[in-house]
Amino acid sequence: MKNGKLLFGILMIGLLASSCYTEVIVDDGYIEESPINTALVLESYDLWYIDINATKGNGEVPFLQRAFTISFDRGVVYANNNLVGIGKTGNGLGIDVGTYGTFVGQVEVDHDVDGLWLLDVYAVNNNTLELYDAKSKTSYILRGFQRSTFDYDQVFYDNIHYFLQEYQVWEKTYTSEVGALNDFDEENYLQFFSDGGGYFRSSIDGQGIPISNIQWDYEGDYEVYDVANDAALKTLTLDYDFLGNDYFELYVINDSTIELYHVSSGTVYEFTGRGYMQFLKSGDTGKKRSKIINPTMNVTRQRDM
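Model, not experiment: these values are computed from the prediction. (Residues numbered from 1 in each chain as written. Predicted model: local features only at pLDDT ≥ 70, side-chain atom pairs only at ≥ 80, totals over all residues. Heavy atoms only, no water.)

### Section: the nonpolar core
If you look at soluble globular proteins, the nonpolar side chains tend to sit buried side by side. The test is simple: Nonpolar cores are built from buried Ala, Val, Leu, Ile, Met, Phe, Trp, Tyr and Cys residues. Side-chain atoms within 4.5 Å join them into one set. A 1.4 Å probe rolled over the protein chains alone gives each residue an accessible area, and that area as a share of the maximum for its type sets the label: buried under 20%, exposed over 50%, partly exposed in between. The source of the domain bounds is an automatic or database domain assignment. Residues count as neighbours in contact if any of their non-hydrogen atoms are within 4.5 Å of one another.
Of all hydrophobic cores here, the largest spans 39 residues; its most connected members are Phe 163, Phe 184, Leu 190, Phe 192, Leu 236, Leu 238 and Leu 260. Mapped onto the domain boundaries, this core takes at least three residues apiece from domain 1 (38–150) and domain 2 (158–297). Leave out the neighbours within four places in its chain, and Phe 163 touches Leu 83, Val 84, Phe 156, Trp 170, Val 252, Asn 254, Asp 255, Ser 256 and Ile 258. In terms of nonpolar packing, the next biggest core, distinct from the first, is built from 26 residues, Val 107, Val 109, Val 121 and Leu 131 among them.

### Examining the pairing of strand 11 (residues 167–175)
Basically, it comes down to this: Pairing between strands requires that DSSP locate at least two bridges from one strand to the other. A run of H or I in DSSP counts as a helix once it spans at least four residues, and a run of E counts as a strand once it spans at least two, with each numbered from the N terminus.
Relative to strand 18 (residues 267–276), strand 11 runs antiparallel, the two being bridged by seven bridges. Across the sheet, the residue bridging to Glu 171 is Thr 272, located in strand 18. The sheet contact formed by strand 11 and strand 12 (residues 189–193) spans two bridges and is antiparallel. Among the inter-strand pairings, Glu 171 is bridged to a residue of strand 12, identified as Tyr 189.

### Description of the sheet that holds strand 10 (residues 138–145)
Note the cut-off: All axes are obtained by fitting lines to C-alpha atoms, using only the stretch in contact for helices, and the reported angles, taken between N-to-C directions, cover 0 to 180 degrees.
Strand order in this closed barrel of eight strands is 3-4-5-6-7-8-9-10, and the pairing throughout is antiparallel. Each strand axis lies, on average, 35° off the axis of its neighbour in the sheet, ignoring direction. Pairing geometry for strand 5 (residues 76–80) and strand 6 (residues 95–103), over four bridges, is antiparallel. Each bridged residue has a counterpart across the sheet, and for Val 76 the counterpart in strand 6 is Thr 99.

### Let's talk about empty space enclosed by the protein
For clarity, the cut-off: Cavities and pockets are defined on a 1 Å grid built over the protein atoms alone: a cavity is a set of grid points where a 1.4 Å probe fits but cannot escape, while a pocket is an open set with protein on both sides within 12 Å along at least five of seven lines, and lining residues are those with an atom within 4 Å of any such point. Grid points are joined across faces, edges and corners, and a volume is the space filled by probe spheres set on the points. All residues other than Ala, Val, Leu, Ile, Met, Phe, Trp, Tyr, Cys, Pro, Asp, Glu, Lys and Arg, Gly among them, are scored as polar; the first ten of these are nonpolar and the last four charged.
Applying the stated criterion across every chain, the model contains one cavity of 30 Å³ or more. Estimated volume of the largest cavity: approximately 70 Å³. Taken together, 11 residues form the lining of the largest cavity, with Asn 81, Asn 82, Thr 89, Ile 95 and Gln 278 sitting closest to its centre. Its residues placed into classes, the lining of the largest cavity shows five nonpolar, six polar and no charged. Formed jointly, the lining of the largest cavity draws a minimum of three residues from each of two domains, domain 1 (38–150) and domain 2 (158–297).

### Section: the side chain of Asn 82
Stated precisely, the cut-off is as follows: Side-chain atoms alone can form a polar contact between residues adjacent in sequence; in general such a contact is a pair of N or O atoms within 3.5 Å, and within protein one must be able to donate a hydrogen while the other accepts it.
Within the secondary structure, Asn 82 sits in the loop between strand 5 and strand 6. Only 3.4 Å separates the side chain of Asn 82 from the side chain of Glu 166, close enough to count as a polar contact. Separated by 3.0 Å, the side chain of Asn 82 and the backbone oxygen of Met 277 make a polar contact.

### Concerning the pattern of salt bridges
We apply this condition: Should a side-chain nitrogen of Lys or Arg be within 4 Å of a carboxyl oxygen of Asp or Glu, the pair is scored as a salt bridge.
All told, the structure shown has nine salt bridges when counted by the stated rule. Residue Asp 46 is joined to Arg 147 by a salt bridge in which the shortest nitrogen-to-oxygen separation is 3.7 Å. Within this pair, whereas Asp 46 is found in the loop between helix 2 (35–42) and strand 3 (47–50), its partner Arg 147 is found in the loop between strand 10 and helix 4 (152–158), the two being separated by 101 residues in sequence. Among the residues examined, Arg 147 registers a relative accessible area of 30% and is labelled partly exposed. Across the pair Lys 234 and Asp 226 runs a salt bridge whose closest N-O atoms are separated by 2.3 Å. Lys 234 sits in the buried class, given a relative accessible area of 5%.

### Observations regarding the packing of aromatic side chains
What counts, and what does not: Planes of paired rings set the category: under 30 degrees apart is stacked, over 60 is edge-to-face and the rest tilted, where pairs are Phe, Tyr or Trp rings (Trp by its six-membered ring) whose centres lie within 6.5 Å.
In this structure the tally under the stated criterion is 18 aromatic pairs. Relative to Tyr 152, the ring of Phe 150 lies with its centre 4.8 Å away and its plane at 85°, an arrangement referred to as edge-to-face. Each of the two residues, Phe 150 as well as Tyr 152, counts as buried. Arranged with centres 4.9 Å apart and planes meeting at 75°, the rings of Phe 192 and Tyr 222 form a pair that is edge-to-face. Taken together, the positions of Phe 192 in strand 12 and Tyr 222 in strand 14 (residues 218–227) put the pair 30 residues apart, joining distant regions of the chain. Members of the aromatic cluster, each reached through a chain of ring pairs, are Phe 156, Phe 163, Tyr 167, Trp 170 and Tyr 276.

Written as structure tokens, this is what we have:
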């Protein structure tokens, strides 16, 4: 773990020069400040986006590993643990997951599920913090945003694997009249899992049946790709065991609907999520984020929008 300036030297000079009394001790590049400034810095942005790919260390802080964003608001910790509802739940902050108190360059979080955690707080730059757990020797990088400037849509695309997994099933609700006949026309349900690196199941059962009654006909691996020079486009391949691949352009319509454009046939499909799985502050602790870097395709968008 590198020795950084603890918290504040490069964060919000005007904020730290508030009317509150602060004693600053500078010793060999180590800046020590009063607890009030720790709170002010954590509260200086509405949302802290957790850049999971920048995590260092082999351990984890469960509530940080689970969240897309975390917020510190007058002693209450909020988190967006789901993509569904992000930007709307809790007026954008997410759900109440615990409380916090501050010390000199540290924050103590009392999480409703994960218990008590004492984390060191380091400044990386003027809108970036590092939270370091000394017990597991693991650090998380947090990037600060105000709600008015936070790009919730981009969070969907950057984390689309998790969005696909937040519903128990995706049910086909629309098929365009334009497009050549193909085998995927018969598929009415898709289900995505993270286990084993990403596999899916599909079913040709009739639409509208209870989720528990769906019979899964096929399974295989799936892969989501970034597209070179097109940050708002993802592509999806479904690799059916022994049956070949289907290739789609993947679009997010809203937080319960995706569009799959079947490039080879020119057919547009819409799937609606059923069985939303909300990761609450208690009871549901299974979903955790991991480092994912999508492979990149050098293709050109084919869907006429």
